[in-house]
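Residue-level listing of the chains:
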Amino acid sequence: MPERRHFLVGAASLPLIAGAQPSWPEAAEIARRTEDLRATESAFAATMAARDLAAFRRFLAPDTVWIKGKNEPLLGPEAVVAHWAKFFEGPTPPFSWKPDLALVLPSGELGRTSGPVHDPAGQLVARFQSTWRRKPGGDWEIVFDFGTGPT
């Protein structure tokens, strides 16, 4: 069996050895996707300000994983929405966020956003870290979310 494993590992690395480059989008397209991702994160944050939990839900991937509290995972959109519903209660959002970083992999298919989370008084209370996947139609969906503050 070890010989088969060595063969598979060797075969998988042939494109790298041969110098084959993946068919990635041009730099201008990556820049466009990066700005689309930044705008998507901002629109996602706007759902909190608008108190629109249904709109918030539409940004979540079917296989999304969020971390809450002490590294407890929330698996899937229903678990995320069930936990986050309390933050959408009442007329005033308990916090807001805005991306100060948006990055997209050279493949153009995965991206990361990060930024500050502020309380209603404008005090910094946390930072968020989100990973997004580009859907076939070009929209982005959030697949991982991790914050460094109370949620």
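So, here is what we can say about the structure in this document. Quantities reported herein were computed from a predicted structural model and do not represent experimental measurements. (Residues numbered from 1 in each chain as written. Predicted model: local features only at pLDDT ≥ 70, side-chain atom pairs only at ≥ 80, totals over all residues. Heavy atoms only, no water.)

## Structural notes on the pattern of salt bridges
Evaluation of the coordinates by the stated rule reveals 11 salt bridges. With a shortest N-O distance of 2.5 Å, Arg32 and Asp36 are connected by a salt bridge. Remark: Asp36 and Arg32 occur in helix α3 (residues 27-49); sequence separation between them is four residues, near one turn of the helix. For Arg32, a relative accessible area of 37% puts it in the partly exposed group. We classify Asp36 as partly exposed; its relative accessible area is 31%. (Salt bridge = Lys/Arg side-chain N within 4 Å of Asp/Glu carboxyl O. Helix = DSSP H or I, 4+ residues; strand = E, 2+ residues; numbered from the N terminus. Buried < 20%, exposed > 50% of the residue type's maximum accessible area, 1.4 Å probe, protein only.)

## A few points about the pairing of strand β7 (residues 140-147)
One ladder, built from four bridges, connects strand β1 (residues 60-68) with β7; its direction is parallel. In the sheet register, Leu60 faces β7, and the bridge partner there is Ile142. Pairing of strand β6 (residues 124-134) with β7 involves seven bridges; the strand directions are antiparallel. Bridge assignment links Trp132 to a residue of β7, and that residue is Ile142. Hairpin geometry of β6 and β7 is characterised by an intervening segment of five residues between the two adjacent antiparallel strands and by a positive phi of about 105° at Gly138. (Pairing = 2+ DSSP bridges.)

## Observations concerning the nonpolar core
Judged by nonpolar contacts, the single largest core of 24 residues is most densely connected at Phe44, Phe56, Leu60, Trp66, Trp84 and Trp97. Among the secondary structure elements, those contributing two or more residues to this core are α3, β1, α5 (77-84), β6 and β7. (Core = buried A, V, L, I, M, F, W, Y, C linked by side-chain atoms within 4.5 Å.)

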